[in-house]
Amino acid sequence: MSQISERVGGSKATLYGYFPSKEDLLRAVLDYDVGEVADRAMAQLLAKEDLREGLTLMGIAYLNRRLSSLPISNIRIVSNQPQGSTMGKEFYEKVLRPAWQRLADRLEALMDAGKLKRADPWIAAMHWKGLNEWDMFERRLLGALSGPEPKMIETVARSAADAFLQLYGAEPKKQKPQPRRGK
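Bear in mind that the values here come from a model prediction, so they are computed numbers and not experimental data.

Procedures and definitions
- Residues numbered from 1 in each chain as written.
- Predicted model: local features only at pLDDT ≥ 70, side-chain atom pairs only at ≥ 80, totals over all residues.
- Heavy atoms only, no water.
- Helix = DSSP H or I, 4+ residues; strand = E, 2+ residues; numbered from the N terminus.
- Buried < 20%, exposed > 50% of the residue type's maximum accessible area, 1.4 Å probe, protein only.
- Contact = heavy atoms within 4.5 Å.
- Areas by Shrake-Rupley, 256 points an atom, 1.4 Å probe, with all protein chains shown as cover.
- Core = buried A, V, L, I, M, F, W, Y, C linked by side-chain atoms within 4.5 Å.
- Salt bridge = Lys/Arg side-chain N within 4 Å of Asp/Glu carboxyl O.
- Axes fitted to C-alpha atoms, helices over the stretch in contact; angles between N-to-C directions.
- Parallel < 35°, antiparallel > 145°, perpendicular 65-115°, else oblique.
- Nonpolar A, V, L, I, M, F, W, Y, C, P; charged D, E, K, R; others polar.
- Phe/Tyr/Trp six-rings, centres within 6.5 Å; stacked < 30°, edge-to-face > 60°.
- Lys NZ or Arg CZ within 6 Å of the ring centre and 35° of its normal.
- Expected span 1.5 Å × (residues − 1).
- Arc of directions from axis to C-beta.

## Quick notes on the overall build of the protein
Here is step 1 of the chain: When helices and strands are counted, the protein shows nine helices and zero strands.
Here is step 2 of the chain: For the protein, the α and β elements follow one another from N to C terminus as α-α-α-α-α-α-α-α-α.
Here is step 3 of the chain: Taking all 183 residues of the protein together, 34% fall into the buried category.
Here is step 4 of the chain: A fraction of 67% describes how many contacts in the protein between residues 6 or more apart in sequence connect residues 24 or more apart.
Here is step 5 of the chain: A total of about 11700 Å² of accessible surface is found on the protein, and carbon and sulfur atoms cover 53% of it.

This is the structure in structure tokens:
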């Protein structure tokens, strides 16, 4: 709390006025961080007319952030809370799940528009997440990967978009056969 108050130029008392405990401050940081990342990644999807390209750009944005130092540190902090702490559960229910629900809602809208096959949007969102993370998140969390590697991330995001579209991509509309013209 001292370091934060020094950095932002306020007092610890003022900081405690906004955040009664260190845990409350951590929750606010996590909520902001995850929400910001989710919104930016979703913007990547929405910015492209081509669904494959949008999914790829969203994957790149997600992985660059997911594998960077701050989210890795945050996950380590949350997962190292003492037995009986509700912080992990609250983090999932109030921060992570709503962020993933935003993706599920967007995928459902794409299903409604006929751009994706009809499926359970939550399952589709979790499939997208798994396809993008591969083993990189665990490797990064455990120190076996030093950080986001741009070339690897691009390869993974493209492969994930292709695999996702194999599972959920809408079938191309068949054109009616043209009548043959008589001679």
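## A short note on the nonpolar core
Here is step 1 of the chain: In this structure, L55, L63, L103, L107, L116, W128 and F164 are the most contacted members of the largest nonpolar core, which totals 32 residues.
Here is step 2 of the chain: Among the secondary structure elements, those contributing two or more residues to this core are α4 (51–66), α5 (69–79), α6 (87–112), α7 (121–133), α8 (136–141) and α9 (150–168).
Here is step 3 of the chain: Contacts of F164, omitting those with residues within four sequence positions, involve L55, L107, L116, A124, W128, L131 and G169.

## Some points on the pattern of salt bridges
Here is step 1 of the chain: Inspection of the entire model under this criterion finds seven salt bridges.
Here is step 2 of the chain: We note a salt bridge from E133 to R66, for which the minimum N-O separation is 3.0 Å. Of this pair, E133 sits in helix α7 while R66 sits in helix α4, and the two are 67 residues apart along the sequence.
Here is step 3 of the chain: Residue R66 is classed as buried on the basis of its relative accessible area, which comes to 15%.

## Overview of the packing of α6 against α7
Here is step 1 of the chain: Contact pair α6 / α7: the axes reach a minimum separation of 8 Å and the direction vectors enclose 105 degrees. It follows that α6 is roughly perpendicular to α7 by the angle criterion. Contacts between α6 and α7 involve Y92, R97, W100, Q101, L103, A104, L107, E108 and M111 from the first element and P121, W122, A124, A125, M126, W128 and K129 from the second.
Here is step 2 of the chain: Looking at side-chain class alone, the contact of α6 with α7 contains twelve nonpolar, one polar and three charged residues.

## Digging into the packing of aromatic side chains
Here is step 1 of the chain: Per the counting criterion, the structure on display carries four aromatic pairs.
Here is step 2 of the chain: Plain terms: the ring middles of Y62 and W100 are 5.4 Å apart, the flat faces sit at 70 degrees to each other, and that makes the pair edge-to-face. Of the two residues, Y62 sits in helix α4 while W100 sits in helix α6, which places them 38 residues apart along the sequence. There is no split in this pair, since Y62 and W100 are both buried.
Here is step 3 of the chain: Here Y62 and W128 contribute two aromatic rings whose centre-to-centre distance is 5.5 Å and whose plane-to-plane angle is 55 degrees, an arrangement assigned as tilted. Here Y62 is found in helix α4, whereas its partner W128 is found in helix α7, with 66 residues between them in sequence.
Here is step 4 of the chain: We classify Y62 as buried; its relative accessible area is 9%.
Here is step 5 of the chain: Accessibility expressed as a relative area gives 2% for W128, which makes it buried.
Here is step 6 of the chain: Of the aromatic side chains, those joined through ring pairs into one cluster are Y62, W100 and W128.
Here is step 7 of the chain: Sitting over the ring of F137, R66 keeps its end group 3.7 Å from the ring centre.

## What to know about α9
Here is step 1 of the chain: Given a rise of 1.5 Å per residue, 19 residues ought to cover 27 Å, and the 26 Å separating the end C-alpha atoms of α9 matches this to within 8%.
Here is step 2 of the chain: Residues of α9 that are buried: I153, V156, A157, A160, A161, F164 and Y168. Looking down the long axis of α9, one finds its buried residues gathered within 135 degrees of arc, a one-sided arrangement. Residues K151 and Q166 are exposed on α9 and point more than 90 degrees away from its buried face.

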